[in-house]
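A look at the structure
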Amino acid sequence: MRLPIAAGLATAAASITLYPLFQGGTWFLTGMGTILMVVAASVLTTRHNVPRWLGPPLELFVVWMYLTLVYAGDKTWAWVVPTKETVVALTGLLREGFGDIQRFAAPVPANPGISLLTAGGIGLIAVLVDLLAVRLRHAALAGLPLLALFTVPAAVISDPIGWPAFIIAALGYVGLLTADGRERLSHWGRAVLVRRSRGTGSQVHTDAAPLSLAGKRIGFAAVALAVTLPALLPTLPPNPLFGFGVGSGTGRGGNMITIPNPIASLRGQLTQPGDATVLTYTNSDNIPRYLRMYSLDTFDGDQWTMSQPKGRPENRVSEGPLPPPPGLYPTVPVKNVVTQVTVSDAVENLSFLPLPYPATTVRVDGDWRADESTLMVFSTHDTAGGQRYDVVSQEPQPTPDGLQGLTERPDIAADRRYLQLPQSLPPQIRTMTERLIKDTDTPYQKAVKLQAWFTSNGGFVYSLRTQGNGNEALLDFLRNRTGYCEQFAAAMAVMARVLGIPARVGIGYTGGTNVSGTWQVRTHDLHAWPELYFQGAGWLRFEPTPSGGLGQATARVPDYSRPPVSAATPGDGASAHPTPGPNSTDPTNGLAGRTRNPRDPEAGRSTDPVIVDQGLSVPAKAGLGALVLLLIALIPAAWRLSTGYRRRRAWTARKPAREHPGRVGEGTPGEPVRERLEYAVHATWRELIDTLHDLGLGHEASETPRALARRLTEQYELDAETSASVTRIASAEERLRYARTPGRVDSLAGDLRRVRRALRATVPRGRRARATLLPPSTLLRVRGMGEKVLDGFDRLETLRLWPRRRDRAEAPPEQAADERALTGSRH
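Predicted model only: the values in this text are computed from it and were never measured.

Reading the values: rules and limits
- Residues numbered from 1 in each chain as written.
- Predicted model: local features only at pLDDT ≥ 70, side-chain atom pairs only at ≥ 80, totals over all residues.
- Heavy atoms only, no water.
- Helix = DSSP H or I, 4+ residues; strand = E, 2+ residues; numbered from the N terminus.
- Buried < 20%, exposed > 50% of the residue type's maximum accessible area, 1.4 Å probe, protein only.
- Areas by Shrake-Rupley, 256 points an atom, 1.4 Å probe, with all protein chains shown as cover.
- pLDDT = per-residue confidence, 0-100.
- Contact = heavy atoms within 4.5 Å.
- Pairing = 2+ DSSP bridges.
- Axes fitted to C-alpha atoms, helices over the stretch in contact; angles between N-to-C directions.
- Polar contact = N/O pair within 3.5 Å; in protein donor to acceptor, adjacent residues only side chain to side chain.
- Patch = residues over 30% accessible without salt bridge, like charges linked within 9 Å, V, L, I, M, F, W, Y side chains within 5 Å.
- Salt bridge = Lys/Arg side-chain N within 4 Å of Asp/Glu carboxyl O.
- Core = buried A, V, L, I, M, F, W, Y, C linked by side-chain atoms within 4.5 Å.
- Phe/Tyr/Trp six-rings, centres within 6.5 Å; stacked < 30°, edge-to-face > 60°.

Topic: the overall build of the chain
If you tally the helices and strands in the chain, you get 24 helices and 20 strands. Across the 827 residues in the chain, those meeting the buried criterion constitute 45%. Roughly 43,000 Å² of accessible area belongs to the chain as shown, and the carbon and sulfur atoms make up 59% of that amount.

Written as structure tokens, this is what we have:
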């Protein structure tokens, strides 16, 4: 019975590591119920009169019945018997769960479909663990399915699993191994313990405690090393076996770039309560600009993703200008802008630089490369956190009249990824798009009309509660007209592709807020927008997301997407009433008077100057790190110094005593005086023992105080005065241990100082330095604390609510009668 329960607990412990993948705890409760069903079926089938092969089939059947009752109980007959409708309902939920997993990024909502998949997977792992550990008696191999469960979050999310979850999972596996070992020993035994009692003869029992104790200590030590040792070792960057990926050649960081999930990061940043500063920038014209990081070019019907960026050695930004922006003709006027960007040190694991588009020159430290088709700048070695870099960009300045005249077919039509749409795209989206752009002639007019429909006359509402950007999510968004920038950008990009306009989704930051001449970009300024391609003007940003206090606070519609009023189509409403925006004479582009987003807890704070912390310099950081390491290294010495001071002070401390307030050791002391005397003498003795350990002079626990005093006097040839001091300390310790009345004991503080000084003089200078800086007695004390913790686990294991049946049978008749009488008296 113990082994099936241990297998279930090990599976439950390993399943805790799945917590980063889900929102809420519904999945966990359902998974625990599945494990309970497996454990119950395993316990029933491990009895001697039940065939062992019946266990796994029965466990699978019980899991199926449990999941049917939880997720399709209303379609069962009498709430027990499954029917055809229950099978159909479970199949539909499984299909829905698979679709939601592909649609959402972690943490995913724990809806019924995803919870059913998770509970079923945990149940299958529990059955496999039970099969290996209980049926086949290979508990060590049961770690393989547990490891498979453990690696799921490691493969899905980039953040490491929390160490508490790892410790719980590891302890669950150690507990399974311990239970298996005890089960084996109970069958054939290792050591024999003979107990004799009157009238019962001899009884032979298997004593599994010593081996169990050793195994648990080894397991706990391994878990502790697995948690603490990686923190002390330098991390190694991934280095692929073959040279596939971004760049070429070898480098200190490998040559692979990990593609993040920008949509998941976008949702997480916008919904978190804090609004921290991400970066600051200044530019030559003091006008806010969007800073793009990612360019998503692939839509598969479930989500927008980006292709693997390609950065060849000649595309290093340090080698010269970036590749020219695709599709931009010299006839289109451009504006040269110089921008200085400072990224906060708190930004972690960001391998893409936030840049205004299109950048022509980037001056930044490290190995950064530009993707030729998208002009994203990324690195396989460095991160953007703490970076300061300069950007020169040539910003296209197209006019509405000029864009209306661009009717040339895009030359990137051969690159079908910017026009591809999944075959599963709902036909309602195509119908709605074609109805919206009727009476328009040019691609530019179609793009402007789509943007105006989202921002002005479509009745859309900005809300962070909407999730997803796949086919069904977009269709729901277009029907309900509620969402945030993810849905607005994805919907306009899809509708532009329906109209034959190449489109992609950009993710980065809006221009932020001007604070004392510096543009400050915060967490809630993270944004998504569509980029549409026009032959001659290249890729141009559009803004379908509502701005201001009722939308994305710092979003702004580009000037070139505001056509003249005369170009409006009757009944359109988009051109007749364009979205309010900045004019060319406003250096802040209208942002100064714009209402902040109610999500910003620091709304209105831009009237006060803000000082941006630029962080410490590299030498200062190195010095601070060295100081921290030095302080950590001095912890044992400080601990030892504090302990010694407290012990030596025991003879001078005055504590109130209710009995015999006279001198210590005079006459027959009362209880408080006796306790104070014992504390002082034992503290002196322990200080002497710790001094011996620190100086490497040795001391065995079996050595009596008198024998120790004799050894020190003879081995180290102490003088008469020091020998007398050692003898007084040993005699006082002996009397306190064994004598009924210790008699008169004077202060031993002077004797202790004399003995410590003499012993330190007998060892080399290096050993004295080690005794001061790295005292071994402190490490022995830590080891003792660890042993007490392990002993506590051992005592917890031996706790029983009632005596075992065999112990009752072995009790002598007199003891059994006494127990019965005691039980009767209680009633």
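And the narrative resumes.
A word on the confidence of the model for the chain
Within the chain, residue pLDDT values average 75, and 71% of them lie at 70 or more. No element of the chain has a lower mean pLDDT than strand β3 (residues 192-197), which averages 45, and none a higher one than strand β9 (residues 334-343), which averages 93. With pLDDT under 50 throughout, residues 190-208 is counted as low confidence; its partners more than four residues away or in other chains account for 38 contacts.

Looking at the sheet that holds strand β19 (residues 526-534)
Sheet architecture is open: four strands sit in the order β6-β16-β19-β20, paired in antiparallel fashion. Since the sheet does not close on itself, it has two edges, and those belong to β6 (291-296) and β20 (538-541), each with one partner. Between one strand and the next, the sheet's axes are offset by a mean angle of 35°, whatever the strand orientation. Two elements, β6 and strand β16 (residues 503-509), share five bridges in a ladder whose sense is antiparallel. Paired with L296 across the two strands is V505, which belongs to β16.

Let's talk about the side chain of E733
Position of E733 among the secondary structure elements: in helix α19 (residues 720-738). On the accessibility criterion, E733 (4% relative accessible area) is buried. A polar contact of 2.9 Å, which involves the side chain of E733, links it to the side chain of R737. Those residues in contact with E733 that lie beyond four places of it in its chain are V681, H682, W685 and P705.

Here we look at the pairing of strand β18 (residues 518-522)
Within β18, four of the five residues are buried, leaving the element largely enclosed by the surrounding structure. Where strand β17 (residues 513-515) meets β18, three bridges bridge the pair, whose relative direction is antiparallel. Residue pairing in the sheet places V515 in a bridge with T518 of β18.

Some thoughts on a nonpolar patch on the surface
Where nonpolar side chains cluster on the molecular surface, the patch consists of L624, L627, V628, L629, L630, L631, I632, L634, I635, L773 and L774 and spans about 1,000 Å² of accessible area. The element that contributes the greatest number of residues to the nonpolar patch is helix α15 (residues 618-633), accounting for seven residues. Position of L629 relative to the elements: it lies in helix α15. The class of L629 is exposed, set by a relative accessible area of 59%.

Section: the nonpolar core
Ranked by size, the top nonpolar core spans 78 residues in total, and within it L279, L353, V362, F454, L478 and L532 carry the most contacts. Residue contributions to this core peak at 11 residues, all from helix α14 (residues 485-498). The residues contacting V362, other than those within four sequence positions of it, are V317, L322, L353, L355, D390 and V391. In this structure, L18, V108, I122 and A142 belong to the second largest nonpolar core, which totals 39 residues.

Things to note about the packing of aromatic side chains
In this structure the tally under the stated criterion is 20 aromatic pairs. Each ring, one from W453 and one from F460, has its centre 4.8 Å from the other, and the planes form 85°; the classification is edge-to-face. As far as the burial class goes, W453 and F460 line up, both buried. Centroid distance F454 to F460: 5.0 Å. Interplanar angle 45°. Geometry classified as tilted.

Details of the sheet that holds β18
Pairing between sheet strands relies on hydrogen bonds along the backbone, with the strands arranged either parallel or antiparallel. Taken in spatial order, the six strands line up as β10-β13-β9-β5-β18-β17 in an open sheet, and their pairing is antiparallel. Looking at strand neighbours, the two that pair on one side only are β10 (359-363) and β17, the edges of this open sheet. Across the sheet, the axes of successive neighbouring strands diverge by a mean angle of 30°, strand direction being ignored. Relative to strand β13 (residues 388-396), β9 runs antiparallel, the two being bridged by nine bridges. Bridge pairing in β13 links T339 to V391.

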